[in-house]
Amino acid sequence: RALALRRDRIDYDALPPSLRTTAVEPGDKRYAKVRSTYMRTGAPGLVLRPQAAGEVADALGFAREQDVPLAVRSGGHGIGGRSTNDGGIVIDLAALDGIEVLDPERGRIRLGPGARWGHVARALQPYGLAISSGDYGDVGVGGLATAGGLGFLARRHGLTIDRVTAAEVVLADGTVVRADADTHPELLWAVRGAGANFGIVTALELDAYPLRDVVFSVMRFDGSAVASLLERWGEVVEAAPRELTSFLYAFAQRSGPPAVRLLNVFAGDDAEAAIETLTPLLGIGPLLDQQARLAPYAAIVPPADAQHYGSPEQPLISNGLAARLTPELSERLATGLRTRVAPWVAVRAVGGAVNDVDPAATAYAHRHQQFNVSSVGLGASEDDFHAHWDDLRPHLDGLYTSFETDRRPERLRDAFPGDTLAELRRLKARFDPGGVFDQNFPIAPAAEAEGRRAVGRAA
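Residues numbered from 1 in each chain as written. Predicted model: local features only at pLDDT ≥ 70, side-chain atom pairs only at ≥ 80, totals over all residues. Heavy atoms only, no water.

Undergrad: Talk me through the side chain of R108; I want residue IDs and the actual numbers.
TA: Within the element layout of this structure, R108 appears in strand β5 (residues 108-111). A distance of 2.5 Å separates the side chain of R108 from the side chain of D207, its partner in a polar contact. Not counting the four nearest positions on each side in its chain, R108 is found in contact with E100, V101, L102, D103, T165, E205, L206 and D207. (Helix = DSSP H or I, 4+ residues; strand = E, 2+ residues; numbered from the N terminus. Polar contact = N/O pair within 3.5 Å; in protein donor to acceptor, adjacent residues only side chain to side chain. Contact = heavy atoms within 4.5 Å.)

This is the structure in structure tokens:
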């Protein structure tokens with residue numbers, strides 16, 4: 001019965017010896033625990049679970065010989081659901097979960113892509129180090145640290161990719177290379193923001209920074225006038241010291257006005273300065289509850305180690321970046337909540353140190369915006385949700401790939417504007433000309449003539 005569940009177009013008998021004992025097929029008792037992601041129920045034909053970079057190369061070589069989709073998974077928390085598939089192969093990097101502090105004085109650390117950020121924060125705490133890493137400790141290192149990394153410390157310390165100094169990458173042809181400032185610097189540039197297109201990252205080196213305790217604040221508001229609340233919150237955050245990073249979540253309730261919740265982090269242990277910084281937020285709308293505490297950074301992003309079983313319905317999630325929360329944008333977000341076409345909205349502050357970085361320094365070029373706006377279409381039709389976001393996009397500028405399920409070609413240009421996309425296409429032609437990595441915002445390689453023109457311009 002187990003063998004009967006094998007999927008077509010996968011030569012199971014040709015699986016390399018290095019992968020046989022850890023591979024999981026649909027008939028395996030372990031299958032339920034590895035088939036899905038946080039948001040999407042998957043049905044892959046085979047899940048490969050390499051234990052080292054060499055085995056990742058073996059897995060990739062085998063997958064390339066099969067005529068099925070390929071997905072690569074680190075933590076499995078990607079809300080777009082692109083790290084699983086139906087009938088294809090998943091290369092699951094969960095076993096590559098090492099966390100090493102290479103140089104405590106400089107803050108240099110080495111992480112495996114399968115490590116979870118909550119475990120990273122906990123491992124760095126004894127050294128008095130931290131690194132910004134999203135807003136949930138169960139997120140895997142690999143996906144976040146190659147897409148961007150919008151985290152609780154972003155306004156003070158930048159994106160996660162801004163701290164990446166080196167990457168070990170398995171390329172499309174199975175070669176394992178190191179990318180850093182001296183070796184393959186152009187690949188490191190691409191990995192920091194578009195890594196899913198260029199290989200399988202098996203290790204990352206990053207520079208953490210000294211940070212022990214932070215002030216963590218939670219505030220709840222009545223969202224009866226959610227549009228004006230959004231505007232006022234945006235104005236307060238923009239004017240605040242960059243030690244403050246604030247995330248706003250608004251969601252429609254079964255009855256009554258939307259609920260609004262703020263998660264605020266003051267990146268430091270100066271309680272008086274934190275109180276002075278947080279107090280203006282209390283006046284953005286009718287306050288229902290608030291609390292604040294001094295805590296280690298690791299305590300606010302604890303690891304959950306959750307099993308992911310996904311949902312049978314495909315997620316609808318879209319996002320964009322904004323320089324300001326204008327009245328027009330805020331009112332349209334409020335309309336999505338009111339009509340329930342987008343009943344869950346998140347607005348994450350960026351700016352500050354994120355915007356100190358040259359837009360050309362990484363493949364993530366969005367360095368002037370102050371906010372990331374996203375919403376989830378729970379229960380909405382895909383057409384209605386896309387129409388809502390088509391109405392929003394003229395008021396936005398840019399896109400973060402980790403919060404997007406819209407596969408229309410316009411989204412690629414939103415994510416990688418202008419010269420960034422042109423350079424990524426040139427590098428794609430060099431590192432993955434056959435488009436092996438084509439499941440996560442795939443970038444088409446530049447034609448040979450385009451590549452020659454780019455070289456000529458550079459010269």
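Undergrad: Describe in detail the sheet that holds strand β8 (residues 176-179), supporting the description with residues and values.
TA: With antiparallel pairing, five strands are arranged side by side in an open sheet as β4-β5-β9-β7-β8. The two strands at the open ends of the sheet, each matched to only one other strand, are β4 (99-103) and β8. Strand-to-strand twist in this sheet, taken as the mean axis angle between neighbours without regard to direction, amounts to 15°. Relative to strand β9 (residues 200-207), β5 runs antiparallel, the two being bridged by four bridges. Counterpart to I109 in the pairing with β9 is L206. Relative to the sheet, helix α3 (residues 53-64) contacts β7 (164-170), β8 and β9, its axis offset from that of β7 by approximately 50°. Helix α4 (residues 117-124) contacts β4, β5 and β9 of the sheet and is inclined by roughly 40° relative to β4. (Pairing = 2+ DSSP bridges. Axes fitted to C-alpha atoms, helices over the stretch in contact; angles between N-to-C directions.)

Undergrad: Tell me about the pattern of salt bridges, and please be specific about residues and values.
TA: This model, assessed by the stated rule, comprises 30 salt bridges. Linking R367 and D162 is a salt bridge whose minimum nitrogen-to-oxygen distance equals 2.8 Å. Remark: D162 occurs in the loop between α6 (154-157) and β7 and R367 occurs in the loop between β16 (344-349) and β17 (371-376); sequence separation between them is 205 residues. With a closest N to O distance of 3.0 Å, R408 and D390 form a salt bridge. With R408 in the loop between α12 (382-392) and α13 (410-415) and D390 in helix α12, this pair connects stretches of sequence that are 18 residues apart. (Salt bridge = Lys/Arg side-chain N within 4 Å of Asp/Glu carboxyl O.)

Undergrad: Please provide a residue-by-residue account of the environment of D390, values included.
TA: Looking at D390, the relative accessible area reads 38%, which means it is partly exposed. Measuring from C-alpha to C-alpha, the distance between D390 and G379 comes to 18 Å, with 11 residues separating the pair along the chain. (Buried < 20%, exposed > 50% of the residue type's maximum accessible area, 1.4 Å probe, protein only.)

Undergrad: Give a detailed account of the pairing of β17, specifying residues and quantitative values.
TA: Looking along a regular strand, one sees the side chains alternate between the two faces of the sheet. Extensive coverage of β17 is indicated by the burial of six of its six residues. Both faces of β17 are covered, namely the face carrying F371, V373 and S375 and the face carrying N372, S374 and V376. Sheet topology places strand β15 (residues 317-322) next to β17; six bridges connect them, and they run antiparallel. Pairing of N319 across the sheet is with S374, part of β17. Here β16 pairs with β17 via six bridges, running antiparallel. Each residue of the ladder has a partner; that of V347, found in β17, is V373.

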